[in-house]
Amino acid sequence: MQIGAHLWIGEGLEKVIEFCEYLKSNCFQIFLSNPRSWKRKIRKEQEIEKFKQGIKKRKIKPVVIHMPYILNIAESDIKEKKKIINLLEKELEESEKMNADFYVIHPGFHKGQGEKKGIENVIDLLKSLSKSNIKILVENTSGQGTSLGYKFEHFYTIFEKIDKNLGICFDTAHAFQSGYNLKKFDEVKKDIEKFIPLSYILLIHANDSKTALNSKKDRHEHIGKGEIGIKGFEQIIKDDYFGNLPFIIETPKVSLKEDRRNIEIIKKIGEEYGKI
Ligand SMILES: [Zn+2]
């Protein structure tokens, strides 16, 4: 089983590998920079090289990079859009340099223009990105505010129009918050397959939900402590398709101890169902 956490990079890239050791994890997700800032600093080649060596040595896979929050992929203003594409291209280039496997994006907010127009903007922006070797994963959302990608109809429209290196990141909390009842997982799978083949889903963001089914409120909770609960995660982990995907937790934490605990819980379920 590939399992890891979203980790901090504030103390440098090398520290991330140490965090992995402490967590007994074999994959992780990071931001490349402060996710709420447009500013970028150039990373030293030496730092990237050491990072790559660490990944190789510890057989860490996948290495996942998450897009900064400030980018609205559904933006329609031409000037803003240029700025977004510019930063995204830089991020993808750096991710490639770091030998990352996946780059996760959120499909953005339509901000009152309507879902149809919003999705058109997402398709347009993704199409305009230069070719990159890194696989971009579009993440499902909770449906909070005017966010797009909270139902798999949206993914059908995006994937139908784009032949780029794309996949989907399935966030369990967001799915539950947007109305997919993970406690009846077979039904959720059928609902998804009406629009896209499961094989498009390549990564799980494993988060419990602080808010109720269909709440459209994005609040993450520790595994087993939220509304999805252990029973919900058992359904996902024992599944023939979902249970074999990499799991990344994005659960609340003040220290790595909480991550370690959440990873242990998922591993325990994995062991029960023969995934480890
Ligand atoms: Zn997520």
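You'll find the structure just up there.
Quantities reported herein were computed from a predicted structural model and do not represent experimental measurements.

### Considering unusual backbone geometry
No. 1: Omega for the bond connecting lysine 61 with proline 62 falls within 30 degrees of zero, at 0 degrees, which places this linkage in the cis form.
No. 2: If you trace the backbone, proline 62 turns up in the loop between helix H2 (45–57) and strand S3 (63–66).
No. 3: Despite not being glycine, lysine 24 shows a phi value in the positive range, around 55 degrees.
No. 4: You can see lysine 24 is positioned in the loop between helix H1 (13–23) and strand S2 (27–31).
No. 5: Despite not being glycine, asparagine 214 shows a phi value in the positive range, around 65 degrees.
No. 6: Within the element layout of this structure, asparagine 214 appears in the loop between strand S8 (208–209) and strand S9 (220–221).

### Observations regarding the environment of asparagine 86
No. 1: In this structure, asparagine 86 sits in helix H3 (residues 78–97).
No. 2: Expressed as a C-alpha distance, the spacing of asparagine 86 and leucine 129, which sit 43 residues apart in the sequence, is 9.0 Å.

### Some points on the pattern of salt bridges
No. 1: Tallied over the full model, the rule gives 15 salt bridges.
No. 2: Taking the shortest distance from any N to any O, the salt bridge between lysine 189 and aspartate 239 comes out at 2.5 Å. Here lysine 189, found in helix H7 (residues 185–193), pairs with aspartate 239, found in the loop between helix H8 (229–238) and strand S10 (247–249); they are 50 residues apart in sequence, far enough to count as distant.
No. 3: Within this structure, Arg43, Glu47 and Glu94 form a network of salt bridges that share partners.

### What about the coordination of the zinc ion?
No. 1: For the zinc ion, the full set of protein donor atoms is Glu139 (OE), Asp171 (OD), His205 (ND1) and Glu250 (OE), and the range of their distances to it is 2.1 to 2.2 Å.
No. 2: Coordination at the zinc ion is irregular, judged from the four donor atoms that bind it and the angles of 86 to 177 degrees they form at the metal.
No. 3: All donors of the zinc ion belong to a single chain; written as a sequence motif, their spacing is E-x31-D-x33-H-x44-E. Of this pair, glutamate 139 sits in strand S5 (residues 135–139) while glutamate 250 sits in the loop between S10 and helix H9 (256–272); the two residues are 111 residues apart in sequence, bridging distant segments of the chain.

### Examining the environment of phenylalanine 19
No. 1: Within the secondary structure, phenylalanine 19 is located in helix H1.
No. 2: Since its relative accessible area comes to 9%, phenylalanine 19 is described here as buried.
No. 3: The spatial distance from the C-alpha of phenylalanine 19 to the C-alpha of leucine 256 is 7.8 Å, given a sequence separation of 237 residues.
No. 4: Not counting the four nearest positions on each side in its chain, phenylalanine 19 is found in contact with Leu7, Trp8, Glu11 and Leu256.

### Some details on the nonpolar core
No. 1: Counting residues in each nonpolar core, the largest one holds 76 residues, and the members touching the most others are Leu7, Ile30 and Phe242.
No. 2: Looking at this core element by element, the count peaks at six residues for H1.
No. 3: Judged by nonpolar contacts, the second largest core, of eight residues, contains Cys27, Phe102, Val104 and Leu137.

### Some words on the sheet that holds strand S1 (residues 3–6)
No. 1: Ordered in space as S1-S2-S3-S4-S5-S6-S7-S10, the eight strands form a closed barrel in which the pairing is parallel. Taken pair by pair, the neighbouring strands of this sheet meet at an average axis angle of 30 degrees, ignoring direction.
No. 2: As judged from the three bridges shared by S1 and S2, these two strands associate in the parallel manner. From the neighbouring strand, histidine 6 faces S2, where its bridge partner is glutamine 29.
No. 3: The strands touched by H9 are S1, strand S7 (201–206) and S10; relative to S1, the strand with the most contacts, the crossing angle is about 150 degrees.

### Here's the deal with the side chain of histidine 205
No. 1: Considering the arrangement of structural elements, one finds histidine 205 in strand S7.
No. 2: Note on histidine 205: relative accessible area 0%, which makes it buried.
No. 3: Polar side-chain contacts of histidine 205 include one of 3.1 Å to the side chain of glutamate 250.
No. 4: Not counting residues within four places of it along the chain, the set of residues in contact with histidine 205 comprises Gln29, His66, Val104, Glu139, Cys169, Phe170, Asp171, Thr172, Ile248 and Glu250.

### Quick look at the packing of H3 against helix H4 (residues 115–128)
No. 1: The N-to-C vectors of H3 and H4 enclose an angle of 50 degrees; their axes lie 10 Å apart at closest approach. As the angle between them shows, H3 and H4 are arranged oblique. Two packed elements cross with a definite hand, and for H3 against H4 that hand is right-handed. Between H3 and H4, the contacting residues are Lys81, Ile84, Ile85, Leu88 and Glu89 on the first element and Asn121, Asp124, Leu125 and Ser128 on the second.
No. 2: The class makeup of the residues in the contact of H3 with H4 is four nonpolar, two polar and three charged.

### Some words on the packing of H1 against H9
No. 1: In contact at an axis separation of 9 Å, H1 and H9 are set at 50 degrees when each is read in the N-to-C sense. By the angle between their axes, H1 is oblique relative to H9. For H1 against H9, the interelement crossing comes out right-handed. On the side of H1, the interface is formed by Phe19, Tyr22 and Leu23, while H9 contributes Leu256, Lys257, Asp259, Arg260 and Ile263.
No. 2: Taken together, the residues of the contact of H1 with H9 break down into five nonpolar, no polar and three charged.

Here is what the cut-offs are and how they apply
Residues numbered from 1 in each chain as written. Predicted model: local features only at pLDDT ≥ 70, side-chain atom pairs only at ≥ 80, totals over all residues. Heavy atoms only, no water. Helix = DSSP H or I, 4+ residues; strand = E, 2+ residues; numbered from the N terminus. Salt bridge = Lys/Arg side-chain N within 4 Å of Asp/Glu carboxyl O. Donors = N, O, S within 2.8 Å, 3.2 Å for Na, K, Ca; no water. Tetrahedral: all angles 85-135°; square planar, octahedral: opposite > 155°, others 65-115°. Buried < 20%, exposed > 50% of the residue type's maximum accessible area, 1.4 Å probe, protein only. Contact = heavy atoms within 4.5 Å. Core = buried A, V, L, I, M, F, W, Y, C linked by side-chain atoms within 4.5 Å. Pairing = 2+ DSSP bridges. Axes fitted to C-alpha atoms, helices over the stretch in contact; angles between N-to-C directions. Polar contact = N/O pair within 3.5 Å; in protein donor to acceptor, adjacent residues only side chain to side chain. Parallel < 35°, antiparallel > 145°, perpendicular 65-115°, else oblique. Left-handed = near helix turned anticlockwise from the far one by under 90°. Nonpolar A, V, L, I, M, F, W, Y, C, P; charged D, E, K, R; others polar.

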